[in-house]
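Residues per chain, in single letters:
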Amino acid sequence: MTSHGLDELRRLAQTRPLQPRARRFFFLRHGETEGNAQRLYQSPETPLNPTGLAQARRAAEYLRAHPVGRILASDMQRAWQTAQAAAEIVRAPVIAEPRLRERWFGDLTGTSSLNLDWRNEPSNGESLREFVLRTQAGLNDALDVETATLVVAHGGPLYVLVFSLGAELLEQHIANATPLLFEYQTETSRWRISNIAPEHVTAGYRTTAD
């Protein structure tokens, strides 16, 4: 899926950089859904498909080797199911954070997202500015602790997070159920993102943003 308008999303995110107290945390995008597979704008109730459930469990196994004290998750069904799968493995409590939801695309829900343009302002939907500000507020609170935190959310919030930190996002980072480690590098004063799963595991995962 081609995602246009990311430069505008980046610009908005970088006007209010995040400076989280956490210097090390994890991010997990939800597993695959039928909406991802069919390239559709999705509703909050869209669940994981069987592939997505398997991806979520596999990602949780890789997170097992890392200490996770708490999980902050979008309450959209696909992210919540992914968070629950992780919680069963890492034995950490899950806290719902509605501000980590994917951008609401209003009347576009159920239609093709093949030519997603973040700059578009969909009827009855959320403006890009509203989405960025809402997501940043949720991330700010989620990461304002030193406890090892796992954030479980969506492709859009991942873009906001990375751009707000001034980090480098690779295409494979956006793939469904890719467990990411964010670490602040004191020597360079920059954030580094690492995929903690072997790259061959997530190589075939979908990189649709919704």
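Everything below is about the structure printed above this text.
Residues numbered from 1 in each chain as written. Predicted model: local features only at pLDDT ≥ 70, side-chain atom pairs only at ≥ 80, totals over all residues. Heavy atoms only, no water.

Caption draft 1: Quick look at the overall build of the chain. If you tally the helices and strands in the chain, you get 7 helices and 6 strands. Written out in order from the N terminus, the α and β elements of the chain read α-β-α-α-β-α-β-α-β-α-β-β-α. For a compact globule of 210 residues, the expected C-alpha radius of gyration is about 17 Å, and the chain comes in at 16 Å, within 12% of that figure. Seen along its three principal axes, the alpha-carbon backbone of the chain occupies a region of about 40 × 40 × 30 Å. Here the chain holds 210 residues, and 53% of them are scored as buried. (Helix = DSSP H or I, 4+ residues; strand = E, 2+ residues; numbered from the N terminus. Rg over C-alpha atoms; globule rule 2.2 N^0.38 Å. Buried < 20%, exposed > 50% of the residue type's maximum accessible area, 1.4 Å probe, protein only.)

Caption draft 2: Local environment of the packing of helix 1 (residues 6-14) against helix 6 (residues 155-165). Relative to each other, helix 1 and helix 6 sit at 55°, their axes nearing to 8 Å. As judged from the angle between their axes, helix 1 and helix 6 are oblique. Handedness of the crossing formed by helix 1 with helix 6: right-handed. Contacts between helix 1 and helix 6 involve Leu6, Leu9, Arg10, Ala13 and Gln14 from the former and Tyr159, Val160, Phe163 and Ser164 from the latter. In the contact of helix 1 with helix 6, the residues fall into 6 nonpolar, 2 polar and 1 charged. (Axes fitted to C-alpha atoms, helices over the stretch in contact; angles between N-to-C directions. Parallel < 35°, antiparallel > 145°, perpendicular 65-115°, else oblique. Left-handed = near helix turned anticlockwise from the far one by under 90°. Contact = heavy atoms within 4.5 Å. Nonpolar A, V, L, I, M, F, W, Y, C, P; charged D, E, K, R; others polar.)

Caption draft 3: A look at the packing of helix 5 (residues 128-142) against helix 6. Running from N to C, helix 5 and helix 6 cross one another at 75°; their axes reach a closest spacing of 10 Å. Taken as axis vectors, helix 5 and helix 6 run roughly perpendicular relative to one another. Across the interface between the two elements, Phe131, Val132, Thr135, Gln136 and Leu139 of helix 5 pack against Gly156, Pro157, Val160, Leu161 and Ser164 of helix 6. Class assignment for the residues of the contact of helix 5 with helix 6 results in 6 nonpolar, 4 polar and no charged.

Caption draft 4: Examining helix 4 (residues 77-90) more closely. In this model helix 4 runs 20 Å from its N-terminal to its C-terminal C-alpha over 14 residues, within 8% of the 20 Å that 1.5 Å per residue would give. If you check which residues of helix 4 are buried, you get Arg78, Ala79, Thr82, Ala83, Ala85, Ala86, Ala87, Ile89 and Val90. Next to the buried residues of helix 4 lie strand 1 (24-29), helix 3 (50-63), strand 2 (70-73), strand 3 (94-96) and strand 4 (149-153). One or two positions beyond helix 4, positive phi appears at Arg91, with a value near 60°. (Expected span 1.5 Å × (residues − 1).)

Caption draft 5: A look at the sheet that holds strand 2. Here we have 6 strands laid out as an open sheet, ordered 3-2-4-1-5-6, and mixed in their pairing. Looking at which strands have only one partner, the edges of the open sheet turn out to be strand 3 and strand 6 (190-195). With direction set aside, neighbouring strand axes in the sheet form an average angle of 25°. Here strand 1 pairs with strand 4 via 4 bridges, running parallel. If you follow Leu28 over to strand 4, its bridge partner there is Val152. (Pairing = 2+ DSSP bridges.)

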